[in-house]
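# Survey of secondary and tertiary structure
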Amino acid sequence: MRSPSKVNLFLEVAGKRDDGFHELETVMLRTNFCDDMRFRCRRDDQVMLRLSRQSCSSVHEFFPLDNSNLIAKAAHALNEYTGLKRGVDVLVNKMIPAEAGLAGGSGNAATTLLALNKLWQLDLDRSCLHTIAASLGSDINFFLAEAPAAVCRGRGELVEPLCVGGRISVVAARPPRGNLTADVFSAIEKHDELRSVQETIAALQTGSPEAIGHAAFNRLTQAAAMLNPEMADLMVQMRQICGRPVIMSGSGSTCFVLGRTSREARVLRRRMSGLKTSFLACFDSF
Ligand code: C5P
C-alpha cells in the first residue's frame, strides 16, 4: 500500500492548551510522494517491522524497529481496542525523510490502521479508526480521511475535507538537519493577531499556484528558523532562485515552493540542485 505525505499550506497557532498541546488551524495537502508498505499476517502475535534495502539511506537512524515506531503503536492500539492479539510482518520502503514536516510517520500509522482493519478483518468503522488515530498523534486523522486536502483543527486531529481546484506541483527541499516538532512548538513567541485561513481555502479552490503561494502562511516558521539557521539560509536561497514565496511545511525542516506546472517544478528543482540539502524532490498533490 502507498503511504502518503502532506505539506501544510497554512498553519496558525491559537494558543497553548491545558493538555500541553497547541490549538491549531492548518491546511494540509495530501501528496503523491509516498512510502510503500507491505503487510503479511503472522501465526503468532508479534508485530515485526523491516525496512527495505531500497529505502533512502538517510532514514535508517530515524526508523526504530521496536514498539516506539508509530507503525507498531498503531498495530498494538488496534489489538488493544478490539481485545485481540494478532501479529503482522510489515515491510516499509521508506522514501519520506524524517523530521521533515511531511508527516511520513503519521502517514505510515494511518496506512497501518487502514491495512490491518482489512487484513485482520476487524471491520471497524471510520469513527473507531479516527478515535484510535487521535490517541496516537496529531496528523494521522488527516490521512485517514483520505481527502486531497483539509482544514485541521484542535491538536490537528479534527479534519474538515476541502476541494482542490487542480493538481498542485511542489518542489521540496530539506536542509541537512531536521526539526523536532516539540522543540519548534516550545520556541514560538506570543502573537496577538490570528491569521485567517479563508484566503488559503479560497486560493486552494481556484487551484492557482500563484494565489495559493501568496496566501500561504506558517506561524511556526520564525521559531523553526531560529532553531535551524541552515533552514533559514535555505529559505532565502530558494526565494532568490525561484522568485516566489517559500513555505515551511509543518514544523519543518522541509521548505517548498509551488510550480506553475509539474514541468516548471522540475526546472526549479534543477536550479536548486547546488543548494545544501539532504533531500530535494518534486511531487504533486494527490
Ligand atoms: O502529535 P505529535 O506526535 O505529532 O506531536 C509531537 C509534539 O509536537 C507533541 O509532543 C507536542 O510537543 C507538539 N505539538 C503541539 N501541539 C500540537 C501538535 C503537536 O504542541 N497541536
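A short tour of the structure in this document, coming up.

Definitions and limits used
Along each chain, residue indices are assigned from 1 in the same order as the chain's sequence is written. In keeping with the predicted nature of the model, local features appear solely for residues at pLDDT of at least 70, side-chain atom pairs appear and are counted solely at 80 or more, and the whole-chain, interface and lining totals rest on all residues. No hydrogens and no water enter the side-chain calculation; it runs on all heavy atoms of the structure. Helix and strand assignments follow DSSP, with helices taken as H or I runs no shorter than four residues and strands as E runs no shorter than two, numbered in order from the N terminus. When accessible area is computed with a 1.4 Å probe and restricted to protein chains, residues below 20% of their type maximum are described as buried, those above 50% as exposed, and intermediate ones as partly exposed. Any two residues whose heavy atoms approach within 4.5 Å at even a single point are treated as in contact. Methods summary: accessible areas were calculated by the Shrake-Rupley approach with a probe of 1.4 Å, and residue burial reflects only the protein chains presented. Note that His is not counted, nor are the chain ends; the positive residues are Lys and Arg, and the negative ones are Asp and Glu. By convention, the charge on Lys lies at NZ, on Arg at CZ, on Asp at CG and on Glu at CD. Classification of ring pairs uses Phe, Tyr and Trp, with its six-membered ring standing for Trp, and accepts pairs whose centres are within 6.5 Å; under 30 degrees between planes counts as stacked, over 60 as edge-to-face, and the remaining range as tilted. By definition here, charges over rings are those cases where NZ of Lys or CZ of Arg is within 6 Å of the ring centre and within 35 degrees of the ring normal. Strands are labelled as partners when DSSP assigns at least two bridges between them. Fitted lines through C-alpha atoms serve as axes, helices being fitted only where they are in contact, and the angles separating the N-to-C directions of these axes extend from 0 to 180 degrees. Reported orientations rely on four angle classes, namely roughly parallel under 35 degrees, roughly antiparallel over 145, roughly perpendicular from 65 to 115, and oblique for the rest. Crossing handedness: left-handed means the near helix sits turned counterclockwise from the far one by under a right angle, and right-handed means the same turn made clockwise. Gly counts as polar in this scheme, as do all residues outside two lists: the nonpolar Ala, Val, Leu, Ile, Met, Phe, Trp, Tyr, Cys and Pro, and the charged Asp, Glu, Lys and Arg. Salt bridges are identified by distance alone: a Lys or Arg side-chain nitrogen within 4 Å of an Asp or Glu carboxyl oxygen. When we speak of the arc, we mean the arc of directions from the helix axis to the C-beta atoms. Two N or O atoms count as a polar contact when they lie within 3.5 Å, although within protein this holds only if one can serve as hydrogen donor and the other as acceptor, and sequence-adjacent residues are included solely when both atoms are side-chain atoms.

Take the overall build of the protein next. Across its full length, the protein holds 10 helices and 11 strands. The dimensions of the protein, computed from C-alpha atoms along their principal axes, are 55 × 40 × 35 Å. In the protein, which comprises 286 residues, the proportion classed as buried is 53%. Put simply, of all contacts in the protein between residues at least 6 apart along the chain, 74% involve residues at least 24 apart. Element-wise, carbon and sulfur atoms account for 48% of the exposed surface of the protein, whose accessible area totals about 13,400 Å². Taking the average place of the 34 positive charges on the side chains of the protein and the average place of its 30 negative ones, the gap between the two points comes to 8 Å.

This part takes up the packing of aromatic side chains. Evaluation of the coordinates by the stated rule reveals 4 aromatic pairs. Ring centres of F10 and F217 lie 6.0 Å apart, and the angle between their planes is 45°; this geometry places the pair in the tilted category. In this pair, F10 sits in strand β1 (residues 2-16) while F217 sits in strand β8 (residues 217-218), placing the two residues 207 residues apart along the sequence. For F217, a relative accessible area of 15% corresponds to the buried category. The rings of F33, F279 and F283 are connected pair by pair, giving a single aromatic cluster. The lysine or arginine in question, R30, covers the ring of F286, its NZ or CZ lying 4.2 Å from the ring centre.

So, about the environment of S135. Tracing the sequence through the fold places S135 in helix α3 (residues 126-136). What makes S135 exposed here is its relative accessible area of 57%. A sequence separation of 42 residues divides S135 from N93, and the C-alpha atoms of the two residues are 25 Å apart.

Glancing now at the sheet that holds strand β9 (residues 247-248). Spatial strand order, β9-β10-β7-β11: 4 strands in an open sheet with antiparallel pairing. The two strands at the open ends of the sheet, each matched to only one other strand, are β9 and β11 (279-284). Against the sheet, helix α9 (residues 229-242) makes contact with β7 (169-174), β9 and β10 (255-259), and its axis sits at roughly 15° relative to β10, the strand it touches most. Sitting on the sheet, helix α10 (residues 262-271) touches β7, β10 and β11, and the angle it makes with β11 is about 175°.

Moving on, we come to the packing of helix α1 (residues 70-82) against α3. At a closest axis distance of 10 Å, the pairing of α1 and α3 adopts a crossing angle of 130°. Classed by the angle they form, the pair α1 and α3 counts as oblique. By crossing handedness, the relation of α1 to α3 is classed as right-handed. When α1 is examined against α3, the residues L70, K73, A74, A77, L78 and Y81 are found in contact with a partner set consisting of C128, L129, I132 and L136. Considered class by class, the residues forming the contact of α1 with α3 number 9 nonpolar, no polar and 1 charged.

Turning our attention to the pattern of salt bridges. Summed over the entire model, instances satisfying the criterion amount to 16 salt bridges. One salt bridge in this structure joins R42 and D89, with 2.9 Å as the shortest N-O distance. Of this pair, R42 sits in strand β2 (residues 22-42) while D89 sits in strand β4 (residues 87-93); the two residues are 47 residues apart in sequence, bridging distant segments of the chain. For R42, a relative accessible area of 27% gives the class partly exposed. Relative accessible area serves as the criterion here: at 21%, D89 is assigned to the partly exposed category. Of the charged contacts in the structure, one is a salt bridge between K85 and D45, with a shortest N-O distance of 3.5 Å. With K85 in the loop between α1 and β4 and D45 in the loop between β2 and β3 (47-51), the pair connects residues that are 40 residues apart, well separated along the chain. Classification of D45 as partly exposed rests on a relative accessible area of 32%. Because the salt bridges share partners, they merge into one network encompassing E210, R244, R260 and E264.

So, on to α10. Taken together, the buried positions of α10 are occupied by E264, A265 and L268. Across the axial projection of α10, the buried residues extend over an arc of 105°, all falling on one side. With respect to the buried face of α10, the exposed residues turned more than 90 degrees away are R263 and R270. Buried residues belonging to α10 abut β7, α9, β10 and β11.

Here the focus is the side chain of D35. Along the chain, D35 turns up in strand β2. Within the structure, D35 has its side chain in polar contact with the side chain of K94 (distance 2.4 Å). From its side chain, D35 meets the backbone nitrogen of I96 in a polar contact 2.9 Å long. Ignoring anything within four residues of it in the chain, the contact list for D35 reads M1, R2, S3, N93, K94, M95, I96, G104 and N108.

A separate point is the pairing of β10. Taking burial as the measure, the 5 residues of β10 include 5 buried ones, the bulk of the element. The alternating pattern of β10 places C255, V257 and G259 on one face and F256 and L258 on the opposite face, and all of these are buried. As paired strands, β7 and β10 are joined by 5 bridges and run antiparallel to one another. Residue pairing in the sheet places A173 in a bridge with C255 of β10.

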